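# Secondary and tertiary structure notes
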Amino acid sequence: TSIFLVAYTTPPHFQHFFHPISALLASVHSIHTESYFISISQKMSKTAASTEKQEFLLDFNNEPRIYDVTNFIKKHPGGSIIRFFIGQDATDAFTEFHFRSERAKNMLKAIPNREPTQEELAKYRGTKETQALLSDFRKMRQEFVEEGVFDNSPLHVVWRLFELVALTVFGFILCAKGHFIIGCATLGIAMGRYGWLMHESGHFSLVGNIKLDKALQTILYGVGCGCSATFWSNQHNKHHATPQKIGHDVDLNTLPFVAFNDEVAKKGNPAFLQYQHILYFSFLELVGLLWTLMLHPRHSVRTKNYWELPFMAVNHFLRLYAGYLYDGTITSALIAYFFIQTVLVVYIFGNFTLSHTHMPYLLKNQHTDWVRFAANYTLNISPSIAVNWWMSYLNFQIEHHLFPSMPQYKIPRIKDRVENLLKKHGISYHCCGYWEAWGRTVGNMKTVGQNRVKSAKQSTKTRKEE
């Protein structure tokens, strides 16, 4: 309210400074109201569909079975992501998400299943081209398993943990020695790399033992980023299941701060979105604070994952302590807290946006297969020693989306074979340089913002004519 009063009582030649802020607040109110009615509509749709069987196909070793998960959906340990595959071939998703889980495989045995009819099998498997693609993909994956590409390395885990501790200690030493900016920047990058390693634990590809990986994920994400591991897993797996799909990929739920495509932008405020490419890094800082101070701790409390909270508290303490080491004042502690936060979120969120946000997208009623989701809606960043380290091998996004349970440092070994598989089936292998990816990302935000302004003007003109 205060910002609105300032914005609209300020002399006209200063109002343009406040206009984006007031537009943001208006967007928040509009989206909140609209979300209420959308929620009611969705609940009514779910009630109407509750009497229908919820089924999907799993095809292991050429022995296809249709599984009726109608009574299992609410019990699914992974949450609502299972709904994404109703009426679909879920073979590859199940394989990747549950590769190391004997519990999931045992639970599957208890779910009612049956042999599909020929008509059902044709429907689930899709075209002959899709069948050939998925057959080759599954054969290649089995080759990787037999070659040990999915095997974990304890030595690699030790090295990665040592790197994190060394960077963290070095950052504190720099702050204590009076090198405040360099020290805080080092700590911000170190904490970002805690996030990279947490990401591997979250996919159970770091240690390869689910219990140990979950424990490491909680510690790394809490201490390194001040966030909840369970919240991340719930959200990130939805992204992996259906990247760039409206209504499914949570990474597209970015309003009111930013819209990465025209479909999402339809619900955004044009007066605000036209500046999104300029204000992007400011958004990242705000989102980071919302995550660490509200969304993630609230999730831990709501889901009773209380053990995550102490690790999150450690992160807040470490950021404050860095500034205190510099000169022992509260002012420096607060400056360090926000400066480290800025470096952290720009490093993590900035790099994540490079591989998806400017790529094509699917509408909610559209679907494709596991391989095409990875190939058509993700982008690789050209590998080099520096880029591989900086992005912790997540510059190989196509391969990572195909095989999220594969140790990331082994992905370069399979790159050429994946590229050859896609070329064999006439699918493009998207790859560009690091700075080109940044140009595409920012350029896409600018274009989306401009398109939203144009569509808003056209709508206004149409209404006046009517």
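A short tour of the structure in this document, coming up. Everything quoted here is computed from the prediction, not taken from an experiment.

### So, the sheet that holds strand 2 (residues 63–68)
- Pairing is antiparallel in the open sheet, where 3 strands are placed in the order 1-2-3. Of all strands in the sheet, those with a lone pairing partner are strand 1 (55–60) and strand 3 (113–114), marking the two edges.
- Bridge count for strand 1 against strand 2 is 6 bridges, and the pairing is antiparallel. In the sheet register, F56 faces strand 2, and the bridge partner there is Y67.
- Running at roughly 85 degrees to strand 1, helix 5 (residues 118–125) makes contact with strand 1, strand 2 and strand 3 of the sheet.

### Observations regarding the pattern of salt bridges
- What the rule picks out here adds up to 18 salt bridges.
- Between E147 and R417 there is a salt bridge, and its shortest N-O distance comes to 3.0 Å. With E147 in helix 6 (residues 128–147) and R417 in helix 19 (residues 415–424), the pair connects residues that are 270 residues apart, well separated along the chain.
- In this structure, K266 engages E263 in a salt bridge whose closest nitrogen and oxygen atoms are separated by 3.1 Å.
- In this structure K266 comes out as exposed when scored by relative accessible area, which is 55%.
- Overall, the relative accessible area of 27% leaves E263 in the partly exposed class.
- Here the salt bridges share partners, and the residues they tie into one network are K415, D416, E419 and K423.

What counts, and at which threshold
- Residues numbered from 1 in each chain as written.
- Predicted model: local features only at pLDDT ≥ 70, side-chain atom pairs only at ≥ 80, totals over all residues.
- Heavy atoms only, no water.
- Pairing = 2+ DSSP bridges.
- Helix = DSSP H or I, 4+ residues; strand = E, 2+ residues; numbered from the N terminus.
- Contact = heavy atoms within 4.5 Å.
- Axes fitted to C-alpha atoms, helices over the stretch in contact; angles between N-to-C directions.
- Salt bridge = Lys/Arg side-chain N within 4 Å of Asp/Glu carboxyl O.
- Buried < 20%, exposed > 50% of the residue type's maximum accessible area, 1.4 Å probe, protein only.

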